[in-house]
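The chain contents come next:
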Amino acid sequence: MSADPGDDPHVRHLLGAYVLDALDAAETRRVARHLRLCDACAGVYVEVAEAASLLALLRAEDLRE
């Protein structure tokens, strides 16, 4: 997966794919490196990771209600 970062040096637009392990190796390294240096993006990463883990608890039947 590749996304155009535009002028934004942050990686928020890649965090969903990062959590789902859907980035290529270069993008994964870029995001991991950025998360070590940027508290704002690291905070968003935690929120995205928590949301993804909660979604994993849903069953198909839950989505039909």
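Located above this text is the structure these notes cover.
Residues numbered from 1 in each chain as written. Predicted model: local features only at pLDDT ≥ 70, side-chain atom pairs only at ≥ 80, totals over all residues. Heavy atoms only, no water.

A. Layout of the overall build of the protein chain. Of regular secondary structure, the protein chain possesses 4 helices and 0 strands. Along the protein chain, helices (α) and strands (β) appear in the sequence α-α-α-α when read from the amino end. Taken across its 65 residues, the protein chain has 17% of its residues classed as buried. Carbon and sulfur atoms provide 56% of the accessible area of the protein chain, an area that totals close to 4700 Å². (Helix = DSSP H or I, 4+ residues; strand = E, 2+ residues; numbered from the N terminus. Buried < 20%, exposed > 50% of the residue type's maximum accessible area, 1.4 Å probe, protein only. Areas by Shrake-Rupley, 256 points an atom, 1.4 Å probe, with all protein chains shown as cover.)

B. Region of the structure containing the packing of aromatic side chains. For the structure on display, the rule yields 1 aromatic pair. Ring geometry for Tyr18 and Tyr45: centres 5.7 Å apart, planes at 65°, overall edge-to-face. Placement of the pair is Tyr18 in helix α1 (residues 15–19) and Tyr45 in helix α3 (residues 39–55), with a sequence separation of 27 residues. In this structure Tyr45 comes out as partly exposed when scored by relative accessible area, which is 29%. (Phe/Tyr/Trp six-rings, centres within 6.5 Å; stacked < 30°, edge-to-face > 60°.)

C. Focus on a nonpolar patch on the surface. Together, Leu55, Leu58 and Leu63 give the surface a local cluster of nonpolar side chains, amounting to about 320 Å² of exposed area. In this fold, Leu55 is placed in helix α3. (Patch = residues over 30% accessible without salt bridge, like charges linked within 9 Å, V, L, I, M, F, W, Y side chains within 5 Å. Salt bridge = Lys/Arg side-chain N within 4 Å of Asp/Glu carboxyl O.)

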